[in-house]
2 protein chains.
Amino acid sequence: MIDVGIVEDNVKIRNLIQRYLDMQENLSCKIAVDSVEEMLEHLKEHDPPNVMLMDIQLPGMSGIEGIGIIKKEYPDIEIIMLTIYHDSHKIFDSLCAGASGYLLKHTTLPEIKNSIENLAEGGAPMSPQIARKVIEYFSAQEPQKKPVSDLTAREQDIVTGLVDGLSYKLIADRFDISIDTVRAHIRNIYKKLHVNSKAEVIAKSLRGEI
Amino acid sequence: MIDVGIVEDNVKIRNLIQRYLDMQENLSCKIAVDSVEEMLEHLKEHDPPNVMLMDIQLPGMSGIEGIGIIKKEYPDIEIIMLTIYHDSHKIFDSLCAGASGYLLKHTTLPEIKNSIENLAEGGAPMSPQIARKVIEYFSAQEPQKKPVSDLTAREQDIVTGLVDGLSYKLIADRFDISIDTVRAHIRNIYKKLHVNSKAEVIAKSLRGEI
DNA sequence: GAGCCAATCACATCTTCATGTGAATGAACA
DNA sequence: TGTTCATTCACATGAAGATGTGATTGGCTC
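Residues numbered from 1 in each chain as written. Chains lettered and ligands numbered in written order. Predicted model: local features only at pLDDT ≥ 70, side-chain atom pairs only at ≥ 80, totals over all residues. Heavy atoms only, no water.

Colleague: Please explain the protein's contact with DNA strand C as it appears in this structure.
Modeller: What surrounds DNA strand C is a group of 17 residues, the closest being Thr-152, Ser-178 and His-185 of chain A together with Tyr-168 and Tyr-190 of chain B. Atoms of DNA strand C within 4 Å of the protein belong to the sugar or the phosphate in 62% of instances, the rest to bases. At five residues, helix 9 (residues 179–193) of chain A tops the list of elements feeding residues into the surface near DNA strand C. Of the residues assigned to the surface near DNA strand C, the class counts are four nonpolar, seven polar and six charged. (Near = heavy atom within 4 Å. Helix = DSSP H or I, 4+ residues; strand = E, 2+ residues; numbered from the N terminus. Nonpolar A, V, L, I, M, F, W, Y, C, P; charged D, E, K, R; others polar.)

Colleague: Which parts of the structure should I look at to understand the protein's contact with DNA strand D?
Modeller: Around DNA strand D there are 17 residues in total, and Tyr-168, Tyr-190 and Lys-198 of chain A together with Thr-152 and Ser-178 of chain B lie nearest to it. Atoms of DNA strand D within 4 Å of the protein belong to the sugar or the phosphate in 64% of instances, the rest to bases. Within the side chain of Tyr-190 of chain A, one N or O atom sits 2.7 Å away from a phosphate oxygen of DNA strand D. Between Ser-178 of chain B and DNA strand D, the recorded distance is 2.5 Å, taken from a backbone N or O atom to a phosphate oxygen. Every element with two or more residues in the surface near DNA strand D is listed here: helix 9 of chain A together with helix 9 (179–193) of chain B. (Polar contact = N/O pair within 3.5 Å; in protein donor to acceptor, adjacent residues only side chain to side chain.)

Colleague: Sorry, what's going on with helix 10 (residues 198–206) of chain B here?
Modeller: The α-helix winds at 3.6 residues per turn, so residues separated by three or four positions along the chain end up facing the same way. Every buried residue of helix 10 of chain B is accounted for by Ala-199, Val-201, Ile-202 and Ala-203 of chain B. Here the buried face of helix 10 of chain B lies against helix 7 (153–163) and helix 10 (198–206) of chain A together with helix 7 (153–163) and helix 9 of chain B. One or two positions beyond helix 10 of chain B, positive phi appears at Gly-208 of chain B, with a value near 80 degrees. (Buried < 20%, exposed > 50% of the residue type's maximum accessible area, 1.4 Å probe, protein only. Contact = heavy atoms within 4.5 Å.)

Colleague: What exactly am I supposed to notice about the pattern of salt bridges here?
Modeller: Charged atoms that come close allow side chains of opposite charge to pair. Residue and element names in this part refer to chain A. Under the criterion given, the structure shown has 26 salt bridges over all chains. Among the ionic pairs, Glu-136 bridges to Arg-132, the shortest N-O distance being 3.3 Å. One end of the pair, Glu-136, and the other, Arg-132, are both in helix 6 (residues 128–140), four residues apart, so they sit about a helical turn from each other. Here Arg-132 falls in the buried class, since its relative accessible area comes to 13%. (Salt bridge = Lys/Arg side-chain N within 4 Å of Asp/Glu carboxyl O.)

The structure is reproduced here in structure tokens:
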């Protein structure tokens with residue numbers, strides 16, 4: 001049984017969703033309020049729900065601010081935004097604040113039910129339109145540079161050691177080889193990467209350039 | 001009518017999907033090959049499909065490399081990855097390269113059909129597991145935008161120098177101070193960050209922990 | 001089987017780093 | 001006005017790193 005909470009200031013919509021969800025066999029929806037503040041009050045005295053449907057435009061604190069506060073206090077609550085807003089800023093702010101899903105308000109009741117189940121199974125429900133924006137975020141990013149490390153497996157081991165902040169001695173111990181071998185590998189790594197210090201190798205590696 | 005192409009090296013899977021899709025009223029799937037190279041050959045002489053299903057592990061060029069090449073030549077083709085890989089790197093590399101969807105191979109045929117329709121309607125089909133990773137990318141990214149570095153401005157300058165792979169001498173030159181001053185700053189930085197080597201400072205910095 | 005290369009080890013030398021100790025200046029703050 | 005702290009510099013020492021010049025082994029390839 002998945003326990004659902006709702007924060008939504010439109011009474012009609014709120015009641016409709018609550019009744020529908022609470023009617024389902026595998027869901028329970030006992031708490032539906034019209035502001036984050038009210039929900040926080042409620043949470044002080046009751047068990048937290050598993051999933052929360054949250055509007056963005058709310059009286060008092062906005063839903064996005066609410067995510068942060070609720071996730072901080074009750075990190076196990078999974079929050080799905082349910083809103084009319086589909087602009088990138090609100091979407092990304094919500095996701096960054098910790099929302100696990102984002103549905104537009106034209107979503108049908110059965111779809112909302114599916115989304116909640118989907119979430120409980122480790123998914124992340126999103127309206128298709130939202131998913132598209134999220135995906136486009138990535139292709140808008142700079143085209144990935146090709147790492148193509150010419151490094152051998154052993155050389156990459158050594159790099160890992162360097163990134164972990166180990167001295168040559170400790171790297172030698174970790175891989176059970178002599179410190180001179182470590183030195184030899186490092187010399188080859190420097191040559192291949194065209195660098196000449198540990199620092200540059202670590203920097204390159206952490207920038208994903210290896 | 002949506003025209004679909006398939007790049008998949010497993011003949012059984014490829015034929016199965018092709019036959020199923022081509023059987024649908026609103027879909028057509030005439031071209032199904034087992035490598036990106038073959039697909040590129042085909043595209044030279046035929047109209048490009050609207051949607052392409054693409055595996056990652058392929059003979060010759062990988063599917064991820066393929067995305068970039070195909071999207072560059074034929075930007076209107078929407079590419080859905082269809083693969084067994086669910087590791088973050090492959091997901092994000094694919095999306096950054098320009099994929100519009102990402103499905104895991106256990107996806108059923110009707111779900112694949114839905115995904116193609118979803119894509120045509122401006123959505124971005126993703127297996128729930130994938131959607132979750134994509135969403136988590138955001139909440140993992142932003143939250144600590146200000147890691148509250150206790151470092152002074154000068155100390156941060158020095159850190160920048162270290163990250164750039166400079167020696168103390170070069171850092172001293174860059175900021176026109178003596179090497180002993182650089183040493184002094186670095187000692188303070190080490191104390192504040194609780195580390196004791198250049199390597200750790202660089203690692204912390206590039207991980208955004210400063 | 002000659003040649004190439006990854007992986008291993010050794011020795012030597014010079015540079016750079018890490019750390020300890022100490023101190024002067026000047027701005028900020030109570 | 002005295003204290004705190006960032007910034008600057010100095011000297012010293014042992015540890016770690018960078019670089020040069022070797023060598024041996026085993027796998028792969030032409």
